[in-house]
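Fold and contact review
The residues making up each chain are set out below.
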Amino acid sequence: MLSVFTKYSIKIMNNFNSPNYQKDYKNDEIDFSNFFKILNRNKKLILFCISLLSVISLAYNLTRKPIYKGSFNILVKESKEENKLNPLALINPLKNSTTNETQKVILKSPSVLLPVFESVKKYYKNKGIDIKDYKFNDWVKDLTIDFEKGTNVLKVTSYNEDIDLINYTLKNISSKYKEYSKELKIIDTKRKIQFLESE
């Protein structure tokens, strides 16, 4: 009696656990025919949406003012001959050396950029553009000053809708940077002379 019961139990378990592969396979199939029928039924609506989005994007691109970009490069290179002739370089070469980051900071400093910003404001005034709320920080956002990756080339880039203003701005930045660099060299030379005299 016990053996019969055991046999019967195993038979039931086998029937219960055996998966119906054909049924599962049919359920897992994706019915592409229904999908294409839905697309076919709504093709007019889909085409209308695509056409509308295309017209809106075309109208936006045609009415939007283009933003231009202009740039100039500065090669930051320390003169080796100048270091050899400089007594301070022998005493403390790290203190006297001009690093790339120093040149970048100089170029980004208000001493260089503020006069340029004032000239940009004058340019706008002459064009009859209201600049009452135009701040220095707003103007600086349209500038990028950074080194080209892996080089000693410092790149200054200006973005604007006015090409003439880009040229005007870049020329002013270049000239102010040169002027300020000369002033720093004069100050540095005076310090060297004072140092030598004190020795």
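Summarised in this report is the structure supplied together with it.

Reading the values: rules and limits
- Residues numbered from 1 in each chain as written.
- Predicted model: local features only at pLDDT ≥ 70, side-chain atom pairs only at ≥ 80, totals over all residues.
- Heavy atoms only, no water.
- Helix = DSSP H or I, 4+ residues; strand = E, 2+ residues; numbered from the N terminus.
- Areas by Shrake-Rupley, 256 points an atom, 1.4 Å probe, with all protein chains shown as cover.
- Salt bridge = Lys/Arg side-chain N within 4 Å of Asp/Glu carboxyl O.
- Buried < 20%, exposed > 50% of the residue type's maximum accessible area, 1.4 Å probe, protein only.
- Contact = heavy atoms within 4.5 Å.
- Pairing = 2+ DSSP bridges.

Things to note about the overall build of the chain
Helix and strand counts for the chain come out as 11 helices and 3 strands. When the helices and strands of the chain are listed from N to C terminus, the series reads α-α-α-α-β-α-α-α-α-α-α-β-β-α. Split by element, the accessible area of the chain, about 16400 Å² in all, is 59% carbon and sulfur.

What to know about the pattern of salt bridges
Taken as a whole and judged by the stated rule, the model has 4 salt bridges. For the salt bridge of Asp-162 with Lys-127, the shortest nitrogen-to-oxygen distance reads 3.8 Å. With Asp-162 in the loop between β3 (153-160) and α11 (163-198) and Lys-127 in the loop between α9 (110-126) and α10 (136-140), this residue pair connects regions lying 35 residues apart in the sequence. A salt bridge links Glu-179 to Lys-176; its shortest N-O distance comes to 3.9 Å. In this pair, Glu-179 and Lys-176 both sit in helix α11, 3 residues apart, roughly one turn of the helix. The exposure class of Lys-176 is partly exposed, given its relative accessible area of 26%.

Considering the side chain of Ser-158
By the secondary structure assignment, Ser-158 is in strand β3. For Ser-158, a relative accessible area of 5% puts it in the buried group. Setting aside its immediate chain neighbours within four residues, Ser-158 contacts Tyr-68, Lys-69, Gly-70, Asp-142, Leu-143, Ile-166, Thr-169 and Leu-170.

Considering the pairing of β3
As paired elements, strand β1 (residues 68-75) and β3 share 8 bridges and run antiparallel to each other. By the bridge assignment, Ile-74 is partnered in β3 with Leu-154. Here strand β2 (residues 143-147) hands over to β3 after 5 residues, with Gly-150 in that stretch at a positive phi of 75°.

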